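# Structural description and commentary
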Amino acid sequence: MRSRIKLREYLAILCAALAAGVPAAVRAQDYPSRPVMMVNTWAPGGPSDAIIRPLLEKFSQKFGQPFVLENRSGANGSIGTSYVARSRNDGYTLLFANVGPIAISPWLPDKPSYDSIKDFQPIGQIVSGSTVLVVAPSFPASNMREFIDYAKKHPGKITYGSVGIGSSTHVAGATLAKMAGIQMVHAPYRGSSQIQVDIMSGQIQSAFVSLGGALELIRAGKLKAIAVSTQSRSSVLPDVPAVSETVPGFDFNVWYGLMAPAGTPRDVVQALADALKEAMAMPDIRNRLLASGLDPHPTGPAEFARKIEQDLAAWKQAVANANLTP
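Numbering of residues begins from 1 in every chain and follows the order in which that chain's sequence is written. Given that this is a predicted model, residues contribute local features only at a pLDDT of at least 70 and side-chain atom pairs are listed and counted only at 80 or more, while totals for whole chains, interfaces and linings are drawn from all residues. Only heavy atoms go into the side-chain values, all of them from the structure, while hydrogens and water stay out.

### Considerations on the overall build of the protein chain
Looking only at helices and strands, one finds 12 helices and 10 strands in the protein chain. Taken over the C-alpha atoms alone, the protein chain extends approximately 95 × 40 × 30 Å along its principal axes. For the protein chain, with 326 residues in total, the buried portion stands at 52%. The contact criterion used is simple: two residues touch if any of their non-hydrogen atoms lie within 4.5 Å. When contacts within the protein chain are restricted to residue pairs at least 6 apart in sequence, those whose partners lie at least 24 apart make up 76%. With residues, only the protein chains shown are counted as cover, and all accessible areas are computed by Shrake-Rupley using a 1.4 Å probe. For the protein chain, the exposed area adds up to about 15100 Å²; of that, 53% sits on carbon and sulfur atoms. Charge centroids of the protein chain, computed over 31 positive and 24 negative side chains, lie 5 Å from each other. Secondary structure is summarised from DSSP: a helix means a run of H or I of at least four residues, a strand means a run of E of at least two, and numbering begins at the N terminus for each. For the exposure calls, accessible area comes from a 1.4 Å probe over protein chains only, and a residue counts as buried if that area is under 20% of its type's maximum, exposed if over 50%, partly exposed in between. When charges are counted, Lys and Arg contribute as positive and Asp and Glu as negative, whereas His and the chain ends are disregarded. The atom standing in for a charge is NZ when the residue is Lys, CZ when it is Arg, CG when it is Asp and CD when it is Glu.

### Some details on the pairing of strand E2 (residues 67–71)
Pairs of strands are assigned from DSSP output, requiring at least two bridges between the strands. The sheet contact formed by strand E1 (residues 36–40) and E2 spans 5 bridges and is parallel. When the sheet's bridge partners are listed, Asn-40 is paired in E2 with Asn-71.

### With respect to the confidence of the model for the protein chain
Per-chain confidence: the protein chain averages 89 in pLDDT, with 91% of residues scoring 70 or above. Low pLDDT, under 50, characterises residues 1–7; the predicted model gives this stretch 0 contacts beyond four residues in sequence or across chains. The predictor attaches a confidence to each residue, called pLDDT, with possible values from 0 through 100. A low-confidence stretch, residues 10–26 stays under pLDDT 50, and its non-local contacts, those more than four residues away or across chains, total 1 contact.

### Let's talk about unusual backbone geometry
Note that the residue after Tyr-31, namely Pro-32, is joined by a cis bond; omega there is -10°. Secondary-structure assignment places Pro-32 in the loop between helix H2 (23–30) and E1. Phi at Ala-75 takes a positive value of approximately 55°, unusual for a residue other than glycine. Relative to the helices and strands, Ala-75 resides in the loop between E2 and helix H4 (78–85). A positive phi angle is found at Asn-76, which is not glycine, with a value near 55°.

### Considering helix H6 (residues 144–153)
All of the buried residues along H6 are Met-144, Phe-147, Ile-148 and Ala-151. Buried residues along H6 cover an arc of 95° about the axis, so they all sit on one side. What qualifies as a polar contact is a pair of N or O atoms within 3.5 Å, subject to a donor-acceptor requirement within protein and to the restriction that residues adjacent in sequence count only when both atoms come from side chains. Put simply, Asn-143 is the residue that caps the front of H6, since its side-chain oxygen is 3.2 Å from the backbone nitrogen of Arg-145. Directions pointing from the helix axis toward each C-beta atom define the arc.

### Here we look at the packing of aromatic side chains
Here is the rule: rings of Phe, Tyr and Trp (six-membered ring for Trp) pair when centre to centre is within 6.5 Å. Planes less than 30 degrees apart are stacked, more than 60 are edge-to-face, and the remainder are tilted. Under the definition given, this model contains 13 aromatic pairs. Plain terms: the ring middles of Phe-59 and Phe-63 are 6.3 Å apart, the flat faces sit at 75° to each other, and that makes the pair edge-to-face. Of this pair, Phe-59 and Phe-63 both sit in helix H3 (residues 47–63), 4 residues apart, roughly one helical turn. You can call Phe-59 buried: its relative accessible area is 1%.

### Let's talk about the packing of H3 against helix H11 (residues 283–291)
Viewed as axis vectors pointing N to C, H3 and H11 meet at an angle of 175°, and their least axial separation amounts to 11 Å. As judged from the angle between their axes, H3 and H11 are roughly antiparallel. Counted together, Ile-51, Pro-54, Leu-55 and Lys-58 of H3 and Asp-284, Ile-285, Arg-288 and Leu-289 of H11 form the full contact between these two elements. Lys, Arg, Asp and Glu make up the charged group, whereas Ala, Val, Leu, Ile, Met, Phe, Trp, Tyr, Cys and Pro make up the nonpolar group; the residues left over, Gly among them, are polar. Taken together, the residues of the contact of H3 with H11 sort by class into 5 nonpolar, no polar and 3 charged. Helix axes use the C-alpha atoms of the stretch in contact, all axes being lines fitted to C-alpha atoms, and the angles between their N-to-C directions lie in the range 0 to 180 degrees. Each angle receives one of four descriptions, namely roughly parallel if under 35 degrees, roughly antiparallel if over 145, roughly perpendicular if within 65 to 115, and oblique otherwise.

### What about the environment of Ala-103?
By the secondary structure assignment, Ala-103 is in helix H5 (residues 99–104). Excluding its chain neighbours within four sequence positions, the residues that come into contact with Ala-103 are Asp-311, Leu-312 and Trp-315.

### Considering the environment of Gly-191
Tracing the chain through its elements places Gly-191 in the loop between strand E6 (184–188) and helix H8 (192–201). The buried category is assigned to Gly-191, whose relative accessible area is 16%. Spatially, the C-alpha atom of Gly-191 lies 28 Å from that of Pro-301, the residues being 110 residues apart in sequence.

### With respect to the pattern of salt bridges
What counts as a salt bridge is simple: a side-chain nitrogen of Lys or Arg found within 4 Å of a carboxyl oxygen of Asp or Glu. Enumeration according to the criterion identifies 9 salt bridges in this entry. Across the salt bridge formed by Asp-90 and Arg-34, the nearest N and O atoms sit 3.2 Å from each other. Placement of the pair is Asp-90 in the loop between H4 and strand E3 (93–98) and Arg-34 in the loop between H2 and E1, with a sequence separation of 56 residues. On the accessibility criterion, Asp-90 (8% relative accessible area) is buried. Because the salt bridges share partners, they merge into one network encompassing Arg-34, Arg-88 and Asp-90.

Now the structure itself:
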């Protein structure tokens, strides 16, 4: 009898030990069984919403559960990114990641609380794209050379907005000033929508903003495009030159992607990666992104992880070269 009790105890302990490794697989098979929250680290109504909302609709249809967008903006995206880093790694809190908080913020003097490599599991890149230097239609410059000449004649009189200290748009503006030998004043914002409003009203003079977010205003003549930040011109604005045509070597490319907290079950990550790949292959999604001046660039977890590692090294150098100040 005693031996049978010991055997039952042993089997109970063994089952408990085996069960410790089971929940991840069980969750993956049943995932998702309730709504999933996608954290956008930027303010509502910005260009990032236009990228992620159509994808979340596709995810909701595929998985049969709501994928809900929650905006947690501030600190160049670090507030929302930190929130996801601290969240449970069960696949129900995901990050709509951006190059700023992931690859740039770690090199700023005020470092974020998270580790971009250790605290996250990449799912896949979504798009890459350009920012565009815009001014008001009345600004006395219509191309990069005229902009630089004006800035040199009026040192410190041009204010450029950005979506936060250390953001890609901040680094782009600071790098342009250094490479072109001009003086500009930085004005940080929480999102790009207000930047564009303030340029049109004359509160500030310029900014690098998302091409997708500014495209309609540029086409309507409410903003004037000076140059795009990527090495080559954009297919949606082929008549707008690249900054590099006047300032050789200038090249800034931004990206968005999906990430989860580190330790999220592999099967869940792969299911999300497969859903992303499937959605990005749909003509309505691709055409919508292309029309906004964005380059669809879907990748899997491994390739996205390599991209993040490469960008961390590249932006470390860019931040150092820009000599960022508020």
